[in-house]
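# Overview (structure and organization)
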Amino acid sequence: MPKKSGKFGGGCRVFKNWRYRWLVEGWPCTACEDGSKILLLTVSILNDTVPNLEDLHDGLTIGQETAAIDLKAPPTLMISSSPPSRRSAALWSTRLQCSHADCQHDNPADQSCCQQCGRPLTYRYLWTVGRSEGIDPSQVSPQGRYRAVSPRLWLDTQPAAAPDLPQPWPDEALPYLHLFPHRLHVPVLFGFGWHAGQRLMLLENVPVDADGKLLPAIAPSFAAASPTRQVYWLWQMLDLWAPLRDDGVAASLLMPDNLRVEGWRVRLRELIPDRLHPGGQPSLADLADGWRGWLSAMQIQVAEPVRSLCDQMQQPDANTPEGLRAIALQLNELLLGQSTQLSLKLSVAGDTTAGPQRAHNEDACYPPAQRSAQTSLTWLQSPPDLLSGLGIVCDGIGGHAGGEVASQMAVRSLIMQLRALLYEVAEETVVLSPDVVMQQLEAIARVVNNLIATQNDSQNRHARQRMGTTLTLALHLPQRLNGGTAQELYLLNVGDSRAYWITPQRCQLLTVDDDLASREVRLGRATYAEARKLPNASALTQAVGTHEGDRLYPTVQRFIIDEDGVLLLCSDGLSDHDWVEALGTETTQLLFDDRLTLEQTVQTWLEHANQRNGRDNASVVVMRCQVAAQAPKLFDPMGAEWAIATSMPQPAPDADTELSQASRALLFDDTLDEPVRPRSRPADNRWTTVLLLGVTLLTLGAAGLQIWRQMNANPIPRLWPSAPVSEPADSIDP
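These remarks concern the structure in this document.

What counts and how
Residues numbered from 1 in each chain as written. Predicted model: local features only at pLDDT ≥ 70, side-chain atom pairs only at ≥ 80, totals over all residues. Heavy atoms only, no water. Helix = DSSP H or I, 4+ residues; strand = E, 2+ residues; numbered from the N terminus. Buried < 20%, exposed > 50% of the residue type's maximum accessible area, 1.4 Å probe, protein only. Contact = heavy atoms within 4.5 Å. Areas by Shrake-Rupley, 256 points an atom, 1.4 Å probe, with all protein chains shown as cover. Pairing = 2+ DSSP bridges. Axes fitted to C-alpha atoms, helices over the stretch in contact; angles between N-to-C directions. Left-handed = near helix turned anticlockwise from the far one by under 90°. Phe/Tyr/Trp six-rings, centres within 6.5 Å; stacked < 30°, edge-to-face > 60°. Lys NZ or Arg CZ within 6 Å of the ring centre and 35° of its normal. 1 Å grid on protein atoms, 1.4 Å probe; cavity = no way out; pocket = protein on both sides within 12 Å on 5 of 7 lines; lining within 4 Å. Points joined across faces, edges and corners; volume = space filled by probe spheres on them. Nonpolar A, V, L, I, M, F, W, Y, C, P; charged D, E, K, R; others polar. Arc of directions from axis to C-beta. Disulfide = S-S within 2.5 Å. Core = buried A, V, L, I, M, F, W, Y, C linked by side-chain atoms within 4.5 Å. Polar contact = N/O pair within 3.5 Å; in protein donor to acceptor, adjacent residues only side chain to side chain.

### Re the overall build of the chain
- Within the chain one finds 17 helices and 27 strands.
- Residues counted as buried form 53% of the 734 residues belonging to the chain.
- Relative to all contacts within the chain whose residues are 6 or more apart in sequence, the contacts with residues 24 or more apart total 70%.
- Of the roughly 34200 Å² of accessible surface on the chain, a fraction of 52% belongs to carbon and sulfur atoms.

Structure (structure tokens):
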């Protein structure tokens, strides 16, 4: 396509040639905070219609090619062949370098994938933070590789290049490194910039959307949020309090403008040192003061309990470990109580592939392709199989003669352990706190670890010969509360298999890899961008089975499902090179639109793994969550009786896939002894007695009714009409 250049004066000038009609006009850009004019160029092929510049600016003009440059820049026009982007118009003339070292092609900043290699482009938006005093980042203009989206938000146009990093680290940088495991909520240190001899800190993983716009602040978002989400936001803040306080940045939770929300998730714009807090060392009383300011926007169901909780946070003993735990337990019970008002339909499917270049498959998953599960998870409609809310992905290590044994041993053992845990949860009469459930899941992971470690010891396997496996596990825990089911989801991960939460609007990585790069960041030795370039950055620091259980430290997280979405579990055969982030919303949109079934979605992801990575095995488990609010139902004795009868543990399924001959030779026996359950109780027979008594009474009643009918051939007329059956007042959904 030809390029056109020339002098640009005021007003509108039109240039024509035999095929193209050019329209050039200065246009004020409302997306830019400084109000500078942006030069818009429209090319209408074989069309004399002048497009609407307002529509063009908003990215609504379809079928035409657009570009823009800042009027302050040299007048060189660059034309994009893609539809107009909704990113800031200040970036339309920006060139973005491919982040892959073997490509680094310059692309227009409205592309999703590199025009040369086809791999996803990295849009790294950086938030700038000045030192504690003496500098105003809003007065700084980025130079060289960075382009300003707004005064404090910059786009890195050379994502493959290393950032500037001082040695030793300044004190203000260390909390970002230590809190890297909390990057779901906390930004990540990227590098540093300089201005007038002063240092600027550059943060990535900041709360901006795909177009580089800050996410909404939490305070104005409260009024439109559901009661469950309102309490969920508070719970996340309280859960972050202890780790942020330990690193001296708890003040980050006390500035409403610093708190941003992305759907269910609370995110911090930056970390604020406690020494900058005007009241001295922050306390839970300060956090309570912030919550009180939001009470007027809270739903009536939760406003009063939160007010009472704020009163408790004002007490002197609230800042002790015991006081914080007591507050957390009360907030958790309020959160679970609100989540019981949601009805969850959960569908799970999974599959695994050896890939185009591997002869053996060392991955394993649950459910396998032939056992996908779909059910409505409520107390009165309890599924016969307690594991219908379970997904597992394991990526074996140690070669096909060991890796596939370890991964399948892990899946089979986990199924037995988790079935026992779920049966015990069904018997509990009190709500288990997240801490208790996390401890149970950690104990289960260590039991499985020791089974594989014992197998290694019996085979005299040492060092790299020891077989092991990564593990990512998702479990819906249907705890009963007030006649409803709490919508809790627990994630456990060891190694580099991952979990993503995907909606039509976003794709969120939920887990942190146990690899060398992540460890270097947590220890304060390097930024994540720097650590990923180490030669052995992807080497695992943890795996199930390679060491004894007391050296295994699984990461366990608890989430509340309060929105429709898809939970994707996968091994690194799919997640390598950030393909899930690039394709997540596009691929799952077909599922949301019912253009693909759950099983077809799994196969689509496996095809992506084979075509775009292809050098490794790949496993995928897709868990679709569909949430709807519902009023509590009346107790149904027959439904409850059926649920209890069908919730008994079932025999463990057979191995998901057949082991190779070399792998089967590693096992002395084709069966696994059932591991000892972490907590066990004798079964209670009182329900059997009640059931037999009920059947006897029904039988006697039916016989008596038949005798009475025979004795009274003429029916007696009814003297009153039938009254309609209505639910009690307290069961009406507010």
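### Thoughts on the pairing of strand E12 (residues 259-262)
- Burial of E12 is two-sided: the residues Leu 259 and Val 261 facing one way and the residues Arg 260 and Glu 262 facing the other way are all buried.
- Counting the residues in the hairpin turn of E12 and strand E13 (residues 265-268) gives two residues, including Gly 263, whose phi is positive at 65°.

### Remarks on the packing of helix H8 (residues 403-427) against helix H9 (residues 434-458)
- As a packed pair, H8 and H9 sit with axes 9 Å apart at the nearest point and diverge in direction by 145°. When you trace H8 past H9, the crossing you get is right-handed. Each of Ala 406, Met 409, Ala 410, Ser 413, Leu 414, Gln 417, Leu 418 and Leu 421 in H8 lies in contact with H9, whose residues at this interface are Gln 440, Leu 441, Ile 444, Val 447, Val 448, Leu 451 and Ile 452.

### Re the packing of aromatic side chains
- What the rule picks out here adds up to seven aromatic pairs.
- Ring centres 5.9 Å apart and planes at 35° place the aromatic pair Tyr 146 and Trp 154 in the tilted group.
- With 5.0 Å between their ring centres and 35° between their planes, Phe 180 and Tyr 528 make a pair best called tilted. On the criterion of sequence distance, the pair formed by Phe 180 in the loop between helix H2 (174-178) and strand E10 (188-195) and Tyr 528 in helix H11 (residues 528-531) is long-range, its members being 348 residues apart. Per residue, the accessibility class of Phe 180 equals that of Tyr 528, and both read buried.
- Here the aromatic cluster, defined as three or more aromatic residues joined through ring pairs, consists of Tyr 232, Trp 235, Trp 264 and Phe 559.
- Across the ring face of Tyr 528, the terminal group of Arg 183 is positioned such that the distance to the ring centre comes to 5.2 Å.

### Considering empty space enclosed by the protein
- Counted by the stated rule, this structure contains six cavities of 30 Å³ or more.
- Considered as a void within the structure, the second largest cavity measures approximately 110 Å³ in volume.
- Lining of the second largest cavity is provided by Tyr 232, Trp 264, Leu 489, Trp 501, Leu 510, Phe 559, Ile 560, Ile 561, Asp 562, Glu 563 and Leu 567.
- For the lining of the second largest cavity, the per-class residue count stands at nine nonpolar, no polar and two charged.

### Things to note about helix H5 (residues 284-292)
- Those residues of H5 that fall on the buried side of the exposure criterion are Leu 284, Ala 285, Leu 287, Ala 288 and Trp 291. Projected down its long axis, H5 shows its buried positions confined to an angular sector of 155°, all on one face.
- Where the residues of H5 are buried, they touch helix H4 (227-246), helix H6 (300-313) and helix H7 (321-339).

### Quick notes on the environment of Gly 337
- Following the sequence through the fold, Gly 337 ends up in helix H7.
- It is 6.9 Å that separates the C-alpha atoms of Gly 337 and Ala 486, two residues lying 149 residues apart in sequence.

### Brief notes about the state of the cysteines
- Following the criterion strictly, the structure yields zero disulfides and no others.
- No disulfide involves Cys 394; its nearest neighbouring cysteine sulfur is the one of Cys 365, lying 9.2 Å away.
- We note that Cys 507 lacks a disulfide partner, and the nearest cysteine sulfur, in Cys 570, lies 9.3 Å from it.
- Note on Cys 507: relative accessible area 21%, which makes it partly exposed.

### Remarks on the environment of Arg 119
- The topology assignment puts Arg 119 in the loop between strand E6 (106-108) and strand E7 (124-130).
- Taking C-alpha positions, Arg 119 is 9.6 Å from Cys 103, a pair spaced 16 residues apart along the chain.
- Not counting the four nearest positions on each side in its chain, Arg 119 is found in contact with His 100, Asp 102, Cys 103, Cys 113, Cys 114 and Trp 579.

### Considerations on the environment of Thr 588
- Of note, Thr 588 is situated in helix H13 (residues 579-592).
- The exposure class of Thr 588 is buried, given its relative accessible area of 0%.
- Sequence separation of Thr 588 and Arg 624 is 36 residues, and the distance between their C-alpha atoms is 9.7 Å.
- In this structure, Thr 588 is in contact with Ile 502, Val 566 and Trp 605, ignoring residues within four places of it in sequence.

### Observations regarding the nonpolar core
- By size, the foremost hydrophobic cluster in this structure holds 99 residues, and its most contacted members are Trp 291 and Leu 567.
- When residues in this core are grouped by element, the largest group, ten residues, is from H4.
- When sequence neighbours within four positions are dropped, the list of residues in contact with Leu 567 reads Ala 474, Leu 489, Leu 491, Ala 499, Tyr 500, Trp 501, Leu 510, Val 621, Val 622 and Met 623.
- By size, the runner-up hydrophobic cluster in this structure holds 38 residues, among which are Ile 392, Val 437, Leu 471 and Leu 492.

### Digging into unusual backbone geometry
- Cis geometry marks the peptide bond from Gln 167 to Pro 168, where omega comes out at -5°.
- Residue placement: Pro 168 occurs in the loop between strand E9 (153-156) and H2.
- Note that the residue after Tyr 366, namely Pro 367, is joined by a cis bond; omega there is -5°.
- With respect to the helices and strands, Pro 367 occurs in the loop between strand E15 (363-366) and strand E16 (373-377).
- The backbone of Asn 460 shows a phi angle near 60°, a positive value even though the residue is not glycine.
- Unusually for a residue other than glycine, Asp 578 sits at a positive phi of about 60°.

### Some remarks on the side chain of Thr 470
- With respect to the helices and strands, Thr 470 occurs in the loop between strand E18 (468-469) and strand E19 (471-477).
- You can call Thr 470 buried: its relative accessible area is 1%.
- Here the side chain of Thr 470 touches Ser 497 through a polar contact of 2.8 Å, side chain to side chain.
- Apart from the residues lying within four places of it in its own chain, the contact partners of Thr 470 are Val 393, Cys 394, Asp 395, Val 494, Gly 495, Asp 496, Ser 497 and Leu 540.

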